[in-house]
4 protein chains.
Amino acid sequence: MYSFENDYSEGACPKVLAYLSEHNDIQTSGYGLDPYSEKAASIIRDLIGKEADVHFITGGTPCNILAISLLRPYQAVICADSGHINVHETGAVEATGHKILSVPGVDGRITPEAIEAVVKAHTDEHMVQPKMVFVSNATELGTIYHKDELQAISVMCKKHHLYLYLDGARIANALSAVSNDLTLKDIAELTDLFYIGGTKNGALLGEAMVILNEDLKKDFRYYMKRQGAMLAKSRIISQQFIALLQDDTYLENARNANENAQYLKEALLSKGIEMFMDSETNQIFPILPDALIKELLKDYQFLEWGRYDEKQTTVRLVCSWATKKEQVEQFINDFDKIMKNGI
Amino acid sequence: MYSFENDYSEGACPKVLAYLSEHNDIQTSGYGLDPYSEKAASIIRDLIGKEADVHFITGGTPCNILAISLLRPYQAVICADSGHINVHETGAVEATGHKILSVPGVDGRITPEAIEAVVKAHTDEHMVQPKMVFVSNATELGTIYHKDELQAISVMCKKHHLYLYLDGARIANALSAVSNDLTLKDIAELTDLFYIGGTKNGALLGEAMVILNEDLKKDFRYYMKRQGAMLAKSRIISQQFIALLQDDTYLENARNANENAQYLKEALLSKGIEMFMDSETNQIFPILPDALIKELLKDYQFLEWGRYDEKQTTVRLVCSWATKKEQVEQFINDFDKIMKNGI
Amino acid sequence: MYSFENDYSEGACPKVLAYLSEHNDIQTSGYGLDPYSEKAASIIRDLIGKEADVHFITGGTPCNILAISLLRPYQAVICADSGHINVHETGAVEATGHKILSVPGVDGRITPEAIEAVVKAHTDEHMVQPKMVFVSNATELGTIYHKDELQAISVMCKKHHLYLYLDGARIANALSAVSNDLTLKDIAELTDLFYIGGTKNGALLGEAMVILNEDLKKDFRYYMKRQGAMLAKSRIISQQFIALLQDDTYLENARNANENAQYLKEALLSKGIEMFMDSETNQIFPILPDALIKELLKDYQFLEWGRYDEKQTTVRLVCSWATKKEQVEQFINDFDKIMKNGI
Amino acid sequence: MYSFENDYSEGACPKVLAYLSEHNDIQTSGYGLDPYSEKAASIIRDLIGKEADVHFITGGTPCNILAISLLRPYQAVICADSGHINVHETGAVEATGHKILSVPGVDGRITPEAIEAVVKAHTDEHMVQPKMVFVSNATELGTIYHKDELQAISVMCKKHHLYLYLDGARIANALSAVSNDLTLKDIAELTDLFYIGGTKNGALLGEAMVILNEDLKKDFRYYMKRQGAMLAKSRIISQQFIALLQDDTYLENARNANENAQYLKEALLSKGIEMFMDSETNQIFPILPDALIKELLKDYQFLEWGRYDEKQTTVRLVCSWATKKEQVEQFINDFDKIMKNGI
C-alpha cells in the first residue's frame, strides 16, 4: 500500500533529521529566543534580500490565524472561495472574530478585479471593512501565481490600503514549478507578510512567518503566545529550517515532489485521462472512472476529491519530497494492468 | 555555561529520538488518524485502566485553551493565582471568551474551601458561572497534590457540578516525587480531563490530552483544528509518547530531574541557604545573596524569580531528564568556591 | 422633505408612547424581572399558542448575535447571501467566533436545496459544522416566505439536525402581506427560535426573542447580560410590546406600511417603472432614471440601492406605521410633475 | 411597597419624557446620523470645553465592552476588584478576548500604587500587556474620586502609557456629591475616554461615550455596530441627553438622589446604625439586624448586600431622581416603629 494522499505522510527528510540529531544535546533558551531561531531568521533575511521579522510557528493554520488577527476586530480578509482559511480550517479565522469575504477563484487564484469588487461593496460601518487579501502559492488546487499576477494583486492592495498576505504552505513547490517566474525576493517585495512552509516540505512540523510591513511587526510574540502557537522548544522548528534552507534543500525537496507529480500527470494524460484542472506542482487532479478507483484503492491511498459525473470521480494524487520515481512508475503500471483487465 | 533555566533546554531524550528515526519513513495519514496515535492512546488507556478519548496536542497552552473552551461562553474556570493560565499564557484563555476566577493558592495549590467560596459568590446571571477547576500537578511552584488533597477537590467539584481539569505539564515529576501517593489511575478517577506533558519530559514537543467525562468528548477534534492545535504530522507527537510511556521512560526521566533538583536543594540547605518554598520536584527556589547570583551567572543560566529583600533574590533552578549529577556537583563546587572567596 | 429612507425614521407610534407615559411612575425591578416583561411574555405565549421562553432584547443585531452564539464554537449558520447577518452587521456574528455559510438566495429567500448542499459539503472536522439556518421574514428584500416554503425548510433542518432561526425584524409586515398564509402559531411550530421585531413596527426600540426549543433555553439570560443586550429598565421594551401586541396594533402598523408601499408600487408600475424585484411588504425597489432620482432627492429622502445600468439606479422606498396615504400621493404627484417637465 | 432597590426602578424623569413626546413625529436618519445626536454631542462638547467624539450607546455594559475592545487583543485592563466589569457583567470584557487585572480597591477606588504594581509585574510576552485603567465615578460602592486622586491616577497612567477610562454610570451623582471637587472639564482633561450615564439619571436608557484621545476615535462606529450597541432610532438616546443636559437637569436629578440617600444615612446613623462603608452619593450601606430586615422587607424592597455577622446583614439602599423626601421619612418612621415594637 503506497500513499499519494498528501505530502505529509512521512516523518522528516534525512537532512532535517540529521540536523536535529546532531544538535540535540546543546542547551538553548526556549520560546524563540534560541540561537538557532536567530540563525534561521538570518538565512531567510539573506534569501529575501531585506529586513524582516521572522517567527517560527507550529503550523499553517496558526500562521493564518496569527496573520489575520493582526487586523482590527471589524476588519475582514478577502480570499478565493477555495482558500484554505475559507474551507479547511474549521472557522479558525472567525474564531478570532474576523469575517472572511470569499470571492470566486480562478483555478484557486484570486484576481485583482474580484478584490476591487469586494472593496467597492463595503462602504460604511454597517459592513465589515476589507483590510487584507489572502493568497496561497502554490494554491490549494496546485496552481501557481506568476509574477505579473502577484504584482497586479499587490498594486490593487496598495490602491485600497489592503495588506497582502501569502500562505506559503507549499511555497517551495510554487518556486520550483516549471513555469514559475517568481523568487522569494519578489514575494518579499510584493507582500506585507508571508510564511515559508516546513511541514509539507520535509520538516516534522513548523512554518516560518516573515513579516515585512513595519506596521505589522509590533508585539507579534504576544499574539503567538496568546494563540498557543509558540513552541517551548522553538529550536526544533528553527533547526529544521536551517537544514531545509541551507544548500537549497527546500527547493530540491519541492522539485522532487513536482517532477513526480507532473510525470504522473503526463502519463495519465497520455492514456486519455483528463485532469479536473491543470496544476503545475505536486498535486494533480485526474478524473477517473469509479470502477478504476475502486481497484486502485486496493494498493494505493489517495483522496477522492469530488464526484465528476455519474461514473467518474475527481481524485487528488500528491507527491512529496519522499516520493520515488519507481513508486510513480509502479502506480502507472498498476493503472495499465487494471485497464487491460477491463473495468 | 550550563543552564538550570528550565526543563526544555535540550532536544529530545535518546529513546524518543531513536523511535522517531526508526519510524521516520513509514507512511501514515495525518491529523490524528495515524496508527501511532491509536497505539499511544491505547497505551495511555492501559496506564489509567479505563476508557478515555486521547488526543495529541502541540503544547501546554493549546491544551489549556482547549480544555477551557469546552465550557459554555459565560462559564468560568477557577484556579490558584499562581496558575499558569492566570499568569503566563498572555490571556490565552480570555482570548476564547472565558473569565478566569483566581483565588489565593497555598504554595501553588488550590483548596476546596477557596473553590466553594467562589461558587457561593457567583449567584446569578449578572456574574459568570463557575464551571471548571484548574489544577496543575506538579504545580508551577514545584509542589505536588497528595491523594487526599485531590480527592477533596474532586468531591467539592462534584458537589457544585464543576469539571476538574488537571494540567499535567509536569505530571511525571509529580508522580515521581518522593512523597507522592497518587497514580495515573487515581488522577483518571478524580478528574474530568487532564493532560500528560511531553515537552518537559524529554519530547521535542507535544502533550496527550485525556478526556474521561463523556460530556466533554464530543467533537473535540473540531475544537483542536479550529484552535490550530492539531498537527498535520500527528504521528510525530504520538510516536514520542510511545517512546516515553513504554517501559516507564517518562517516570525515569522525571525521577532523574527530581533527584538532581532535590540533591541540589539538600546541598544548599546544608550550607544555610533557605528555600522560598519547599518543593518536591524538579524546580527549587533558593534565596540567594545578590552578589552570589552575580558570580554564579558567569557560569550558569537560571531565572531570577523575584526580589526577596534588599540584598537577596529568590532564584529558580530547574533540573531535567538531561541533567547529570556531575553538573549539579559542579554547581555546588562552584558555589562553594565563590562563598570561600567571599562575596 | 419627506423620508422614505426606512421604517424607523420617527419615534414611537401613539399607542406605545401612551402606554409608556401612563406606566412611567410605577416602580419595578429591572433586567427582565419586572411584571411588564412577564405580562408581555404571556401575551406572546397566547399568540403562538404554546410554551416558550420570551426575552426582551435591545435590538435586531443583538438578537442575531445571541441566537447564533447558542451554537458550539465550531458550529456555523447557513443563510442567504443577502441575509442581514451576512452583509449588514459588521461581522457581529463572526465576532462571537461563528462562521456564516452564505448561499445564493432567491429574491432574499433561502431554499432547502441550498441548505442541503451546504450540509453535504461539510463532512469532517477540518470544516465548520453547519448547525443553524437563518431566515428573515419579511426578507431584507421585502419578499416573504409562504407556509409551504417555511415548512420545507423546517423539514430539511430537522433532517440534518439544524436549528431554524427566524429573524422577525419585519415579521408583522410579513404576516400582513396580501399573499401571506403563515401565522405566528405556524412560525412557532416550524422554528426553534425567532424574534418579533419592535423597532421597525413603531417601538422606540426592542425586540422579543421567542425560544421554543428546550435545548436552547438554558441560561439565556447569561448570554444576554454578557453581550450587553439586557436593558436595566427592561420594562421599557416589554411595555412597548404590550402596547403593540394588545388589540393587534402590530399588525395594524404593519398593514399601514405595506399598503402604502404597495400603493406606491402599483402607481409606479402603472407609469412604466419596473421593479428590481417584486416585494409584497413595506419595501419596494423601483428602477429609476438617474436624472429623475436627482430631482426627487430635492424633496424626498430615500436610499440608492445599487446601479442598474448606465442611466438607471435601483432605489429603495420604505413605508412605515407612520406613513400617511397623502404623503405617498404627494410623492406620486411630484413624480408626475418631474416627468412632465422632462428629465 | 416602596423600592430602594436601585436607581432605575421607574421610567423616565418628566423632562425626558416630555422631550421625547414633543419630538416624536419628526423624521430623522438613524444609527447616530440624526440631528439630535449632533446636537447632544455639541452640548457635551460645550460642557467639557473641548473637542471630543461623542457616541450614544444602549447601556453601560456595552460602553465598557466597547472602550476595552479598543485595545489590541493581548492588552489588558486594570481595575479595582469591586469594579463592575470585574464582577457584574458576566464576563462581557473577557468575551471580547481581554483579560481584566483586578487589584484590591480602597472603598471601591483604585490607587496609583496598585496600578504601578500591576505594570511592573507584567514584563514580557508570556503575560498580557496592561494598557488601560478602568475607574468608575461614583464607584460601585457609592464613594467618589476627588480631584487629586484622579490626577494622581492620570499621572500614573501617562507614566506607563496606559489609557484611562472612566465609567460614568453615576457620574452625575459623583459631581453632585457634597465633597466633590471635580468637574466634567476636569474629567475630560484627565481621562482618555469616559461615559456620561443616562439610565441611572432618569433616562429610559442610554449612555453618552466621550472619546478624547485621538488614537481611540478611529472607526468607533464600526465597533458599535459590530457589538450590537448602535440603536436604529439613535435619536431616542440623544433626545434624552438633550433633555437631561439642558439646564443641568442631570445634576438636579443626581442631587435629589444623593440628598435623599444622605438624609437617610444621617437618620440611621443618629439611631446608632453603622454603615459598612461611608458613601457620599445615592447608595448607602447600613448594617441592620436580620430581624429588622425581615420586618422592613414587608413594606420595602432593597438589596441584601452581604452577611455582616451572625445576626446582622449589610443592605444597600438606593435613592434616585424619583425618590421623594416623604418616602424616605416614611421609611424612617417605619424603622422607628419596628424598633419600638422590639425585634
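Before going into details, it helps to say that this report is about the structure given with it. As the structure is a computational prediction, the values presented were derived from the model and not from experiment. (Residues numbered from 1 in each chain as written. Chains lettered and ligands numbered in written order. Predicted model: local features only at pLDDT ≥ 70, side-chain atom pairs only at ≥ 80, totals over all residues. Heavy atoms only, no water.)

**Considering the overall build of chain A**
Then step 1. Looking only at helices and strands, chain A features 13 helices and 13 strands.
Then step 2. A principal-axis box enclosing the C-alpha atoms of chain A has dimensions of 65 × 55 × 35 Å.
Then step 3. Out of the 343 residues in chain A, the part that is buried amounts to 68%.
Then step 4. When contacts within chain A are restricted to residue pairs at least 6 apart in sequence, those whose partners lie at least 24 apart make up 72%.
Then step 5. Within the structure as shown, chain A displays about 11,900 Å² of accessible surface, and the carbon and sulfur contribution to it stands at 50%.
Then step 6. In chain A, 34 side chains carry a positive charge and 48 a negative one; their mean positions are 3 Å apart. (Helix = DSSP H or I, 4+ residues; strand = E, 2+ residues; numbered from the N terminus. Buried < 20%, exposed > 50% of the residue type's maximum accessible area, 1.4 Å probe, protein only. Contact = heavy atoms within 4.5 Å. Areas by Shrake-Rupley, 256 points an atom, 1.4 Å probe, with all protein chains shown as cover. Lys, Arg positive; Asp, Glu negative; His and termini not counted. Charge placed at Lys NZ, Arg CZ, Asp CG, Glu CD.)

**Quick word on the sheet that holds strand β4 (residues 100-103) of chain C**
Residue and element names in this part refer to chain C.
Then step 1. Spatially, the seven strands line up as an open sheet ordered β2-β8-β7-β6-β5-β3-β4, and their pairing is mixed. With one partner strand each, in any of the chains shown, β2 (53-57) and β4 form the two edges of the open sheet. This sheet shows a mean twist of 25° between the axes of neighbouring strands, independent of strand direction.
Then step 2. Pairing geometry for strand β6 (residues 163-167) and strand β7 (residues 193-197), over two bridges, is parallel. (Pairing = 2+ DSSP bridges. Axes fitted to C-alpha atoms, helices over the stretch in contact; angles between N-to-C directions.)

**A look at the interface of chain C and chain D**
Then step 1. The interface of chain C with chain D comprises 47 residues on the first partner and 47 residues on the second.
Then step 2. Approximately 3,800 Å² of surface area, both sides summed, lies buried where chain C meets chain D, with 52% of it carried by carbon and sulfur atoms.
Then step 3. Its largest share of buried area at the contact with chain D, chain C owes to Gln27(C), Arg226(C) and Lys233(C), together 19% of the area lost on that side.
Then step 4. Taken together, the connections running from chain C to chain D amount to zero salt bridges.
Then step 5. One can count 23 residue pairs in polar contact (both at pLDDT 80 or more) joining chain C with chain D. (Buried area = accessible area lost by both parts, 1.4 Å probe. Salt bridge = Lys/Arg side-chain N within 4 Å of Asp/Glu carboxyl O. Polar contact = N/O pair within 3.5 Å; in protein donor to acceptor, adjacent residues only side chain to side chain.)

**Here's the deal with the sheet that holds strand β4 (residues 100-103) of chain D**
All names here are of chain D.
Then step 1. Taken together, seven strands build an open sheet; the order of strands is β2-β8-β7-β6-β5-β3-β4 and the sheet is mixed. One side of each edge strand has no neighbouring strand; the edge strands of this open sheet are β2 (53-57) and β4. Mean inter-strand twist for the sheet, computed between neighbouring axes without regard to direction, equals 25°.
Then step 2. Strand direction decides the pairing type here: β2 and strand β8 (residues 207-211), joined by five bridges, are antiparallel. The partner of Val54 across the bridge, within β8, is Val210.

**Examining the pattern of salt bridges**
Then step 1. Tallied over the full model, the rule gives 60 salt bridges over all chains.
Then step 2. Glu125(D) is the salt-bridge partner of Arg221(A), the closest N and O atoms lying 2.5 Å from each other. Pair noted here: Arg221(A) is in helix α9 (residues 220-227) and Glu125(D) is in the loop between α5 (112-121) and β5 (129-136), and the two residues belong to different chains.
Then step 3. For Glu125(D), a relative accessible area of 14% corresponds to the buried category.
Then step 4. The shortest N-O distance in the salt bridge between Lys271(B) and Asp336(B) comes to 3.1 Å. Of the two residues, Lys271(B) sits in the loop between α12 (249-270) and β9 (283-284) while Asp336(B) sits in helix α14 (residues 325-341), which places them 65 residues apart along the sequence.
Then step 5. On the basis of relative accessibility, which here comes to 34%, the residue Lys271(B) falls in the partly exposed class.

**Side note on the packing of α5(D) against helix α6 (residues 147-159) of chain D**
Residues and elements named next belong to chain D.
Then step 1. Direction vectors running N to C along α5 and α6 enclose 15°, while the axes themselves pass 9 Å from each other. The angle between the axes of α5 and α6 places the two elements in the roughly parallel class. Helix-helix and strand crossings are classified by hand; for α5 and α6 the assignment is right-handed. Packed against α5, whose contacting residues are Pro112, Ile115 and Glu116, the element α6 presents Ala152, Ile153, Met156 and Lys159 at the interface.
Then step 2. Along the lines of polarity and charge, the residues of the contact of α5 with α6 split into five nonpolar, no polar and two charged. (Parallel < 35°, antiparallel > 145°, perpendicular 65-115°, else oblique. Left-handed = near helix turned anticlockwise from the far one by under 90°. Nonpolar A, V, L, I, M, F, W, Y, C, P; charged D, E, K, R; others polar.)

**Some details on the pairing of strand β12 (residues 303-307) of chain A**
Residue and element names in this part refer to chain A.
Then step 1. As judged from the four bridges shared by β12 and strand β13 (residues 312-318), these two strands associate in the antiparallel manner. The residue bridging Glu304 from the neighbouring strand is Val315, located in β13.
Then step 2. Hairpin connection between β12 and β13: a loop of four residues separates the two successive antiparallel strands.

**Topic: the relation of the copies chain C and chain D**
Between the two copies of the chain lies a rotation about an axis combined with a shift along it.
Then step 1. Relative to chain D, chain C is turned by 180° and slid 0.0 Å along the rotation axis, the superposed coordinates differing by an RMSD of 0.0 Å. Put plainly, the chains are arranged around a two-fold axis.
Then step 2. Interface overlap between copies: 100% of the residues of chain C at the interface are likewise at the interface in chain D, consistent with a symmetric, same-surface contact. (Least-squares fit on C-alpha atoms with pLDDT ≥ 70 in both.)

**Regarding the relation of the copies chain A and chain D**
Then step 1. You can overlay chain A on chain D at an RMSD of 0.0 Å; the transform is a turn of 180° with a shift of 0.0 Å along its axis.
Then step 2. The overlap is high: 100% of the interface residues of chain A also sit at the interface in chain D, so the same surface is used on both sides.

**With respect to the packing of aromatic side chains**
All names here are of chain A.
Then step 1. In the structure shown here, the tally under the stated rule is 48 aromatic pairs over all chains.
Then step 2. Taken together, the aromatic side chains of Tyr2, Phe4, Tyr300 and Phe331 make up a single cluster linked through ring pairs.
Then step 3. The lysine or arginine in question, Lys131, covers the ring of Tyr163, its NZ or CZ lying 5.5 Å from the ring centre. (Phe/Tyr/Trp six-rings, centres within 6.5 Å; stacked < 30°, edge-to-face > 60°. Lys NZ or Arg CZ within 6 Å of the ring centre and 35° of its normal.)

**Focus on the side chain of Glu94(B)**
Then step 1. Within the element layout of this structure, Glu94(B) appears in helix α5 (residues 92-95).
Then step 2. Ignoring sequence-local partners within four residues, the contact set of Glu94(B) consists of Ile100(B), Glu94(D), Gly97(D), His98(D) and Lys99(D).

**Quick look at the state of the cysteines**
Residue and element names in this part refer to chain A.
Then step 1. A complete count under the given rule lists zero disulfides over all chains for this structure.
Then step 2. Free of any disulfide, Cys79 has its nearest neighbouring cysteine sulfur in Cys157, separated by 13 Å.
Then step 3. You can call Cys79 buried: its relative accessible area is 0%. (Disulfide = S-S within 2.5 Å.)

**Brief notes about the interface of chain A and chain D**
When the parts of a complex come together, some accessible area is lost, and that lost area is often used as the size of the interface.
Then step 1. With 22 residues of chain A in contact, the opposing surface of chain D contributes 22 residues.
Then step 2. Taking both sides of the interface into account, the surface hidden between chain A and chain D amounts to around 2,100 Å²; carbon and sulfur atoms contribute 50%.
Then step 3. Among the residues chain A hides against chain D, the three largest losses belong to Tyr74(A), Glu125(A) and Tyr222(A). Together they make up 35% of the total.
Then step 4. Where chain A packs against chain D, one counts two salt bridges.
Then step 5. Where chain A touches chain D, the interface holds 14 residue pairs in polar contact (both at pLDDT 80 or more).
Then step 6. Looking at side-chain class alone, the side of chain A that touches chain D contains 10 nonpolar, four polar and eight charged residues.

**Looking at the environment of Ala203(B)**
Then step 1. The topology assignment puts Ala203(B) in the loop between β7 (193-197) and β8 (207-211).
Then step 2. Taking C-alpha positions, Ala203(B) is 4.9 Å from Ala12(B), a pair spaced 191 residues apart along the chain.
Then step 3. With residues up to four places along the chain from it excluded, the contact list for Ala203(B) reads Lys233(A), Gly11(B), Ala12(B), Gly198(B), Gln240(B) and Leu244(B).

**Thoughts on the pairing of strand β7 (residues 193-197) of chain D**
All names here are of chain D.
Then step 1. Within β7, five of the five residues are buried, which leaves it mostly tucked inside the rest of the structure.
Then step 2. Residue alternation in β7 divides its side chains into two sets, Leu193, Tyr195 and Gly197 and Phe194 and Ile196, and both sets are buried.
Then step 3. One ladder, built from five bridges, connects β7 with β8; its direction is antiparallel. Residue Phe194 lies in a different strand from β8, and its bridge partner there is Val210.

**Topic: unusual backbone geometry**
Most of the time, phi is negative for any residue but glycine, and the peptide bond is trans.
Then step 1. Ala138(A) follows Asn137(A) through a cis peptide bond whose omega is -5°.
Then step 2. When you line up the elements, Ala138(A) lands in the loop between β5 (129-136) and α6 (147-159).
Then step 3. In this structure, Asp248(D) takes a positive phi of about 55° despite not being glycine.
Then step 4. Counting through the fold element by element, Asp248(D) comes out in the loop between α10 (235-245) and α11 (249-270).
Then step 5. On the basis of relative accessible area, Asp248(D) is assigned to the partly exposed category, the value being 37%.

**Quick look at α5(D)**
Then step 1. The set of residues buried in α5(D) consists of Pro112(D), Ala114(D), Ile115(D), Glu116(D), Val118(D) and Val119(D).
Then step 2. Tucked into the core, α5(D) has its buried residues touching β3 (75-80), β4, β5 and α6 of chain D.

**Quick look at the environment of Asp107(A)**
Residues and elements named next belong to chain A.
Then step 1. Inspection of the secondary structure puts Asp107 in the loop between β4 (100-103) and α5 (112-121).
Then step 2. Spatially, the C-alpha atom of Asp107 lies 9.4 Å from that of Ala80, the residues being 27 residues apart in sequence.
Then step 3. Once you skip the residues sitting within four places of it in the chain, Asp107 turns out to touch Thr139, Leu141, Thr143 and Met277.

The quantities given are spatial measurements derived from coordinates; they are silent on function.
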